[in-house]
Amino acid sequence: MDRLANTVRPYAWGSTTALPELLGTAPTGEPQAEMWMGAHPGAPSRIDRGAGPRSLAEVIDAAPEAELGADAVRAFGPRLPFLLKLLAAGSPLSLQVHPDLDQARAGFADEERRGVPIDAARRNYKDANHKPELIVALTPFDGLCGFRHPARTADLLAGLGVDDLKPYVDILRASPEEDALREVLTAVLGAEHHALAGTVEQAAVAADRLAREDGPHAADYAAYAAIAHHYPGDPGVLAAMLLNHVRLQPGEALFLGAGIPHAYLSGLGVELMANSDNVLRCGLTPKHVDVPELLRVVRFEAGDAGVLRPEAVGGEEVYETPIDEFRLSRFVPAPGAAPRPLVSRTPQILLCTAGTVRLRAGAAAELVLGPGESAFVPAGEALTLAGEGTLFRATVVA
């Protein structure tokens, strides 16, 4: 097992305090958005096995079966198929969707064929992989996830009392679900920003007022008013109003599959995803928005946000998801509990988020992890867990 040295990404939407508070470090005054744990080429973790720090990606490349196990290599190739993060949102992230595997492969191949530079602003597909992801709240965590049922959204928009929203309300009430969602999202994202700026501003003012009243949509209106504060005049604010607003309590989670529009708004969480950079943005961003490609990828299906809670499986709390690239679970050892074995025929990354945990491999090797500290465990390495804290385990289903 190896202690990981990880990179913190300073994206503009990051919190200035959440990660420093968890890590026990002094705030820098700058946003600290994500800490990456894994072998993603953008910011691979580093380990030291006695010859100086090396990129985890380099270590895996040198001996993929020894590090990942034959099962994982057979299923996903000679690379770590997941990326684990601590995510600290101080302001809303862009509204976005991710492609499924077939869409990612086709889109990547098409842009490669057309010679679109991999770092071009207009590039949609950075790789040929899909990007399902799971977010588990460590603090109260606000987000948007999936389309709300059109009739409920019609009521919410009508409650704003903005005349320019009435055509959308009528469509949401009169058209079949898929047609209604597609037509309204297409109209909002296809409009020029300046043409909708006044409508967005009126909606934001009304949402802010209604958030302070004790109405049935007060929490939703508060979320949308906050989004509009960060992105004044952005049509993405109206697109966001089509989505379920959800507040996760610590330990609760959301799974974001292909085609599901979503955005994280605020809070600290553990995020686990397939190892990909493929994002199609819907708004709330100055970055490229490819509306036709986005509309091809979005799934126009309404439903509840689908909050996940962990299921106890033999002393381990598992967040069940329908994919194989990653599996996330949590251990919260009881005070004085006997050490428990942790072994997997696939690679593991272990992250402590509270208290102190001890990892022991054999008679001598021991790592003590505090909040925000993590370790990589090669496939098949047997170890035990002890201590009083919270440990997340990311691994592979293979």
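Residues numbered from 1 in each chain as written. Predicted model: local features only at pLDDT ≥ 70, side-chain atom pairs only at ≥ 80, totals over all residues. Heavy atoms only, no water.

### Some points on the overall build of the protein
Within the protein one finds 12 helices and 21 strands. On C-alpha atoms alone, the protein measures out to a radius of gyration of 22 Å, which is about the 21 Å that the 2.2 N^0.38 rule sets for 398 residues. Projected onto its principal axes, the C-alpha coordinates of the protein cover approximately 70 × 50 × 40 Å. Across the 398 residues of the protein, 56% fall into the buried class. Residue pairs at least 24 apart in sequence account for 76% of intrachain contacts in the protein once pairs closer than 6 positions are excluded. Summed over all atoms, the accessible surface of the protein reaches about 16,500 Å², with 52% contributed by carbon and sulfur. If the 35 positive side-chain charges of the protein are averaged to one point and the 51 negative ones to another, these points end up 4 Å apart. (Helix = DSSP H or I, 4+ residues; strand = E, 2+ residues; numbered from the N terminus. Rg over C-alpha atoms; globule rule 2.2 N^0.38 Å. Buried < 20%, exposed > 50% of the residue type's maximum accessible area, 1.4 Å probe, protein only. Contact = heavy atoms within 4.5 Å. Areas by Shrake-Rupley, 256 points an atom, 1.4 Å probe, with all protein chains shown as cover. Lys, Arg positive; Asp, Glu negative; His and termini not counted. Charge placed at Lys NZ, Arg CZ, Asp CG, Glu CD.)

### Details of the pattern of salt bridges
One pass over the structure, following the stated rule, counts 23 salt bridges. Across the pair R173 and D155 runs a salt bridge, and its minimum N-O distance is 2.9 Å. With R173 in helix α7 (residues 166-174) and D155 in helix α6 (residues 150-159), this pair connects stretches of sequence that are 18 residues apart. Taking relative accessible area as the criterion, D155 reaches 42% and is therefore assigned partly exposed. (Salt bridge = Lys/Arg side-chain N within 4 Å of Asp/Glu carboxyl O.)

### Considering the packing of aromatic side chains
For the structure shown, the criterion picks out 3 aromatic pairs. With centroids separated by 5.8 Å and ring planes inclined at 35°, the aromatic side chains of Y11 and W13 adopt a geometry described as tilted. Residue classification places W13 among the buried residues on the basis of a relative accessible area of 15%. Ring centres of F141 and Y264 lie 5.5 Å apart, and the angle between their planes is 75°; on these two criteria the pair is classed as edge-to-face. Taken together, the residues F141 in strand β9 (residues 141-147) and Y264 in strand β12 (residues 262-274) connect sequence positions 123 residues apart. Exposure class is identical for F141 and Y264. Each is buried. (Phe/Tyr/Trp six-rings, centres within 6.5 Å; stacked < 30°, edge-to-face > 60°.)

### Observations concerning the environment of F392
Among the structural elements, F392 can be located in strand β21 (residues 383-395). Among the residues examined, F392 registers a relative accessible area of 1% and is labelled buried. In the structure, F392 is positioned 62 residues away from R330 in sequence and 4.4 Å away in space, judged by C-alpha atoms. Leaving out residues up to four positions away in the same chain, F392 has contacts with V136, L138, V270, Y319, L328, S329, R330, I349, L350, L351 and T353.

### With respect to the nonpolar core
Within the largest apolar cluster, 54 residues are counted, with the highest numbers of intra-cluster contacts made by L144, F147, L157, L160, I227 and L238. When residues of this core are assigned to their parent elements, the largest contribution, 7 residues, is made by helix α9 (residues 193-211). (Core = buried A, V, L, I, M, F, W, Y, C linked by side-chain atoms within 4.5 Å.)

### Some remarks on unusual backbone geometry
At L284, a position not held by glycine, the phi torsion is positive, near 60°. Note on placement: L284 falls in the loop between β13 (280-283) and α12 (291-297).

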